[in-house]
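# Descriptive structure summary
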Amino acid sequence: MNYQKFARLYSYSRISRYLKASKGNKKKAQQMYYANARLAQAFQPLISFFEVILRNQLHYAIAKHFGDVQWLINQKNGFMSDPSLTHVVKKTGKTKTNDFLQDFRYNLLSICK
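Here goes a summary of the coordinates provided. Positions within a chain are numbered from 1, following the residues in the order the chain's sequence is written. Side-chain atom pairs in this predicted model are given and counted only at pLDDT of 80 or more, local residue features only at pLDDT of at least 70, and totals for whole chains, interfaces and linings cover all residues. Excluding hydrogens and water, the side-chain figures rest on all heavy atoms present in the structure.

## Some points on the overall build of the protein
Counting its secondary structure elements, the protein contains five helices and two strands. When the helices and strands of the protein are placed in sequence order, the string is α-α-α-α-β-β-α. Counting across all 113 residues of the protein, residues that qualify as buried make up 15%. Per element, the accessible surface of the protein, about 9300 Å² overall, is 60% carbon and sulfur. A run of DSSP states H or I qualifies as a helix once it reaches four residues; a run of E qualifies as a strand once it reaches two. Both are numbered from the N-terminal end. Categorising residues by exposure relies on relative accessible area from a 1.4 Å probe, with only protein chains included: less than 20% of the type maximum marks a residue as buried, more than 50% marks it as exposed, and the intermediate range marks it as partly exposed. Only the protein chains shown count as covering a residue, and every accessible area follows the Shrake-Rupley method with a 1.4 Å probe.

## A few points about a nonpolar patch on the surface
Only residues whose relative accessible area exceeds 30% and that take part in no salt bridge are eligible for patches, with like-charged residues grouped when within 9 Å of each other and nonpolar side chains (Val, Leu, Ile, Met, Phe, Trp, Tyr) grouped when within 5 Å. When a carboxyl oxygen of Asp or Glu is within 4 Å of a side-chain nitrogen of Lys or Arg, the pair counts as a salt bridge. On the surface, Leu 39, Phe 43, Leu 46, Ile 47, Phe 49 and Ile 53 cluster together into a nonpolar patch covering about 630 Å² of accessible area. Here Leu 39 is to be found in helix H3 (residues 26-66).

## Describing the side chain of Gln 30
Looking at the element boundaries, Gln 30 is found in helix H3. Among the residues examined, Gln 30 registers a relative accessible area of 12% and is labelled buried. Ignoring sequence-local partners within four residues, the contact set of Gln 30 consists of Met 1, Asn 2, Tyr 3 and Phe 6. A contact between two residues is defined here by any heavy atoms of the two lying within 4.5 Å.

## What to know about the environment of Thr 97
Tracing the sequence through the fold places Thr 97 in strand S2 (residues 95-97). Residue classification places Thr 97 among the partly exposed positions, given a relative accessible area of 43%. For the pair formed by Thr 97 and His 87, sequence separation is ten residues and the distance between their alpha carbons is 6.5 Å.

Take a look at the structure:
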């Protein structure tokens, strides 16, 4: 594929760092981009395994802390209503509660019914 089409398809801003690293050699920039993509593909399974293991270990630790394996569904207090989840919005000066976890819990409960 010619460089102009390559750069247009993958975006000039993304390709520019490869062009800079290859000292302006367009063919080398394309080769470096594809080599980087292959390297990223090689790491993807490892990253996926790490994410699953980390998520499970967090679940085990939180379940142990609350003494409840259904902690996400059952915890009505505790971390979901902690004062540390509030902050002052600089623009308005109003206190806002970050209720993402609480909303997530309610959405999860509606799905599980």
